[in-house]
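# Close look at the chain arrangement
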Amino acid sequence: MLVQKGKVLALVGNHAVAYAVKQAKPQVLAVFPITPQTTMLEKLSEYIDKGELRAELIKVESEHSAMAAIFGAALAGPRVFTATASQGLLYMTEMIYWVGGQRVPLVAAVATRAIASPWSIWDDHQDFVSKRDAIWVQMMAENVQDAYDITLMAFRISEDPRVMMPVMMGFDGFILTHTMERVEVLPDSVVDEFIPPREFKLIDFDNPLGIGAVATPDNYAKYRKKAMEAMERAKSVIKEVMANFEEITGRKQYGLTECYMCEDADYLLVGMGAWVGDMRVAVSRLRERGKKVGLLKIRVFRPFPREEVREALKGRKGVVVFDRAYSFGSGGVLSLEVKANAYGLTTPIHTVVAGLGGKDVRPRDIEGALEDLTEGKLEEERWLA
Amino acid sequence: MLEIRFHGRGGQGVVTASNLLAEACGLDNLYSSAFPIYGAERRGAEIEAYCRISDSPIRVTSPVEEPDYVVVIDPSLLRISKAVFRGMKTTSKVVANYSGELQLKWRTFTINANKIATELGLVKSGWPMVNVVMLGALVRVMGIPSLEALKRAIEEEFEGRVAELNAKAVEVAYKEVKENYVLA
C-alpha cells in the first residue's frame, strides 16, 4: 500500500484523540467529565451534534457507570469508547477489572493525572500504572501525533480475535491533552480500511452464553491462564498492527519499545510518556558532549515488553529509570518492572522519581541525572521533589 | 527553534493567542506546539502560555524558561509581575501592549492594542479583547508566520463578525507596531 498523506491540522491532544475516535466510528459512547479529559468527550458530543459521528451518547452519573454502560453495549456488538482520569479511573476500577476479565474489546483513553490526596489536577502516572493487573493492554503516547496514532491502533488491537481485550490509551494530562501540536490525520477512507466495521457480537441469541457467571476455582484459574496467554499473544499482534500502520502512514512505529541512540550507549535512560520528548533532547545534548548515552522508551506498558527491555539492558554500564509513580517501601513502578526483567544481569539500575503531581521536569533536570549516572554520582534512588 | 512566552490575565484569551500562533505556523508548514500552565486560574489572575516554533519536530514539553520573545498582553503586568522578564537573554525581545514608550534592557516593540480593539468594537464583558491584536504585532516583529496564515487561523478559530474584526485588527497592529529605541 502506498503511504497515505493526510491533512495536517493543529490540534490539542484531547481533540486529536477525539478526531481519531470519530474516524474509528464507535456506535456507543459513555461520557462523564473529569479534568483533564473533559474537552475530548465534549468534542465527541459536538461531532455527534454536527452529524459527523453517528453514535449513541450516554450521559452517565459516574465513571463506574460509564464503564458499565460501554461494557454492556460492547457485548451486544457495537464499537464503544470512553475516557477518564485520576479519581475517575479509580472510581471505575471495579468495572475496569470486569471488562478485562470478560475480555471485552473496547478502548478507553486515560488523560493521566495524579491521585488524591492531596488534591491535584496535574499530571503523573499513578492512575495509569495502578491498572496494570486488570487484563488490559496499556499503551502510552509520547506526543499528540502519537496519541492520535495509538488511538486508531488501539481499536484494531482490541478487536483482533487473537487478543480480544480492552485497550487503555494513556497520555499525559495537560502536557499532551492541552498542548496544541501539528498532527497529520489520515483520510477517513484509509481509517475505514484500517479499522473495518466491527461485525462480531459477544451476545448471540441463537447461541446463548452466560456472562459474568461464577467460576469455580478450577475454571477461574483456567480463565486467568488464558488471559495470560492472550496477553503474551498480544505482543506480536501489537507489532503486526504497528507495522501495518507504519506502512500506511509512513510514520515509524518501532514496536513495544523504541531505542534512541542506543547502539553504542554505555548508559541508558528509560522512560514512558510525554517526557520521553524531553529525554531525547537531554540525550542529544549529552551526546554532543561526547557522553555515550541512549534512551529506551516504553511504549507498551501491558503486556510489558520483557524481552525487548532485557535485551536493551544487556552490556550497559548503568541504567536510570525515570518514574512518575511510586510504590511505597519498594521503588518507582516502572523501575520495578525494569529491574524484574534484569534478573541475573549485573547492570546497576537507578531510579529518579520526578514529575509527581505535575511538578515541572526540564530537559536539564534529566540531563543532570543522566550525567551524574555517567560520572558515578547518581544515588540508587533520587527524588526531584 | 523560537520560544515565545505570553503573559496576560485570565479572561484575556492568552491561551487562545498562543494556540492561534501555533496553528498559523502549522498552516505555513512549520512545526509548532502551544500550551499554557494550568492551575486554578480565574478571571483576572496572572496567566502564562507558551509557544514553540521550529522547522523540525519539537520534542521539549516543559515550560519556556528562556524565551526569545515575551508578549505582554496586559500592560499592568509590566508594573506588578515578577514573572514577565524572568529568564530573558540579551537577545530576547519584548512585544508589549502599551500606550507609550517603554525603556527596557531588551529590544522592545509596543502597540496600543487596547486602543485598536476598543475602536474596532472588539470588547467582551467590558474588556478590550487584545489577544489576537497582539499576534498581528508579534508576527510583524518575528517575520513568521505569514500574516495570511494568521488570518486563516483566525477564520478557523472564530466565526462571523468576531473573525472579521480580529482579522482587521491584526492588519492594523501589523502596520502600527513600532520599535522603542533606547538612547545610549
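Residues numbered from 1 in each chain as written. Chains lettered and ligands numbered in written order. Predicted model: local features only at pLDDT ≥ 70, side-chain atom pairs only at ≥ 80, totals over all residues. Heavy atoms only, no water.

Where an unreviewed UniProt entry is consulted, chain B appears under the name pyruvate synthase, with the organism given as Candidatus Aramenus sulfurataquae. According to UniProt, the comment filed for chain B under the heading Catalytic activity (unreviewed entry) is "2 oxidized [2Fe-2S]-[ferredoxin] + pyruvate + CoA = 2 reduced [2Fe-2S]-[ferredoxin] + acetyl-CoA + CO2 + H(+)". (UniProt positions renumbered as here; feature names shortened; annotations may be inferred.)

The name recorded for chain A in an unreviewed UniProt entry is 2-oxoacid oxidoreductase (ferredoxin), from Candidatus Aramenus sulfurataquae. Its UniProt record, at the heading Function (unreviewed entry), says of chain A: "Catalyzes the coenzyme A-dependent oxidative decarboxylation of different 2-oxoacids such as 2-oxoglutarate, pyruvate and 2-oxobutyrate to form their CoA derivatives."

### Focus on the packing of aromatic side chains
Residues and elements named next belong to chain A. All chains considered together, the criterion is met by 11 aromatic pairs over all chains. Among the aromatic residues, ring-to-ring pairing joins F128, F301 and F304 into one connected group. A cation sits over an aromatic face here: K22 above Y19, 4.6 Å from the ring centre. The ring of F194 is capped by R156, whose NZ or CZ atom sits 4.5 Å from the centre of that ring. (Phe/Tyr/Trp six-rings, centres within 6.5 Å; stacked < 30°, edge-to-face > 60°. Lys NZ or Arg CZ within 6 Å of the ring centre and 35° of its normal.)

### A few points about the state of the cysteines
A covalent bond bridging the sulfur atoms of two cysteines is what the word disulfide describes. Residues and elements named next belong to chain A. Per the stated rule, a full pass over the model turns up one disulfide over all chains. Each sulfur in the disulfide pair C259 and C262 lies 2.2 Å from the other. The chirality of the disulfide connecting C259 with C262 is left-handed, given an S-S dihedral of about -70°. Note on C259: relative accessible area 31%, which makes it partly exposed. (Disulfide = S-S within 2.5 Å. Buried < 20%, exposed > 50% of the residue type's maximum accessible area, 1.4 Å probe, protein only.)

### Examining the sheet that holds strand β3 (residues 56-59) of chain A
Residues and elements named next belong to chain A. Strand order in this open sheet of seven strands is β3-β2-β4-β5-β7-β6-β12, and the pairing throughout is mixed. One side of each edge strand has no neighbouring strand; the edge strands of this open sheet are β3 and β12 (300-302). For this sheet, the mean angle separating the axes of adjacent strands, direction not counted, is 20°. The pairing of strand β2 (residues 28-31) with β3 spans four bridges and is parallel. Note on β3: the bridge partner recorded for L29 is L57. Set on the sheet, helix α2 (residues 38-49) makes contact with β2, β3, β4 (80-84), β5 (107-112) and β7 (167-172); between it and β4 the angle comes to about 145°. (Pairing = 2+ DSSP bridges. Helix = DSSP H or I, 4+ residues; strand = E, 2+ residues; numbered from the N terminus. Axes fitted to C-alpha atoms, helices over the stretch in contact; angles between N-to-C directions. Contact = heavy atoms within 4.5 Å.)

### Here we look at a nonpolar patch on the surface
Residues and elements named next belong to chain A. A cluster of nonpolar side chains, namely I203, F205, L209 and I211, defines an oily patch on the protein surface of about 420 Å² accessible area. Position of F205 relative to the elements: it lies in the loop between α8 (188-194) and α9 (217-249). With relative accessibility at 76%, the residue F205 sits in the exposed group. (Patch = residues over 30% accessible without salt bridge, like charges linked within 9 Å, V, L, I, M, F, W, Y side chains within 5 Å. Areas by Shrake-Rupley, 256 points an atom, 1.4 Å probe, with all protein chains shown as cover. Salt bridge = Lys/Arg side-chain N within 4 Å of Asp/Glu carboxyl O.)

### Here we look at the environment of V281(A)
Looking at the secondary structure, you find V281(A) in helix α10 (residues 275-288). For V281(A) and M228(A), which are 53 residues apart along the polypeptide, the C-alpha to C-alpha distance reads 37 Å. Residue contacts for V281(A): discarding those within four places in its chain leaves P363(A), R59(B) and V60(B).

### Focus: the confidence of the model for chain B
Residue and element names in this part refer to chain B. Taken residue by residue, chain B gives an average pLDDT of 94. The fraction at 70 or more is 97%. When pLDDT is averaged over each helix and strand of chain B, the minimum, 91, is found for strand β7 (residues 123-124) and the maximum, 98, for strand β4 (residues 69-72). The ipTM value of the predicted complex is 0.86, and its pTM value is 0.93. (pLDDT = per-residue confidence, 0-100.)

### Some thoughts on the domain arrangement of chain A
All names here are of chain A. Assigned domains of chain A: these are domain 1 (7-249) and domain 2 (257-383). Taken over C-alpha atoms, the centre of domain 1 sits 27 Å from the centre of domain 2. Each side of the interface is counted separately: domain 1 has 31 residues, and domain 2 has 24 residues. Buried area between domain 1 and domain 2, summed over both chains or domains, comes out near 2200 Å², and the portion from carbon and sulfur atoms is 56%. Contact with domain 2 buries area across many residues of domain 1, yet R132, E142 and K235 alone supply 28% of it, more than any other trio. Applying the counting criterion to the domain 1 and domain 2 interface returns 10 salt bridges. The closest approach of N and O atoms between R299 and D146, which form a salt bridge, is 2.5 Å. If you look at where domain 1 meets domain 2, you find 16 residue pairs in polar contact (both at pLDDT 80 or more). Within the residue set of the side of domain 1 that touches domain 2, elements represented by two or more residues are α6 (126-129), β6 (137-140), α7 (144-159) and α9. (Domains from an automatic or database assignment. Buried area = accessible area lost by both parts, 1.4 Å probe. Polar contact = N/O pair within 3.5 Å; in protein donor to acceptor, adjacent residues only side chain to side chain.)

### Structural notes on the sheet that holds strand β1 (residues 2-9) of chain B
Across a sheet, strands are paired by hydrogen bonds formed along the backbone, either parallel or antiparallel in direction. On the basis of which strands lie adjacent, the open sheet formed by nine strands has the order β1(A)-β8(A)-β2(B)-β3(B)-β1(B)-β4(B)-β5(B)-β6(B)-β9(B) and mixed pairing. This sheet does not close on itself; its edge strands, each paired only once, are β1 (7-12) of chain A together with β9 (178-180) of chain B. Averaged over all neighbouring strand pairs, the angle between strand axes comes to 25°, with direction disregarded. Alignment of β1(B) against strand β3 (residues 46-54) of chain B, held across eight bridges, turns out to be antiparallel. Bridging across to β3(B), F6(B) finds its partner in A49(B). Packing against the sheet, helix α1 (residues 13-24) of chain A makes contact with β1 and β8 (180-185) of chain A, and its axis sits at approximately 130° to β1(A).

### Some remarks on the layout of surface pockets
For the largest pocket, the calculated volume is near 1300 Å³. If you trace the largest pocket, you find 47 residues lining it, with K43(A), E23(B), E156(B), E157(B) and F158(B) closest to the centre. Across the lining of the largest pocket, the residue classes break down as 19 nonpolar, 14 polar and 14 charged. Taken as a whole, the second largest pocket encloses approximately 690 Å³ of empty space. (1 Å grid on protein atoms, 1.4 Å probe; cavity = no way out; pocket = protein on both sides within 12 Å on 5 of 7 lines; lining within 4 Å. Points joined across faces, edges and corners; volume = space filled by probe spheres on them. Nonpolar A, V, L, I, M, F, W, Y, C, P; charged D, E, K, R; others polar.)

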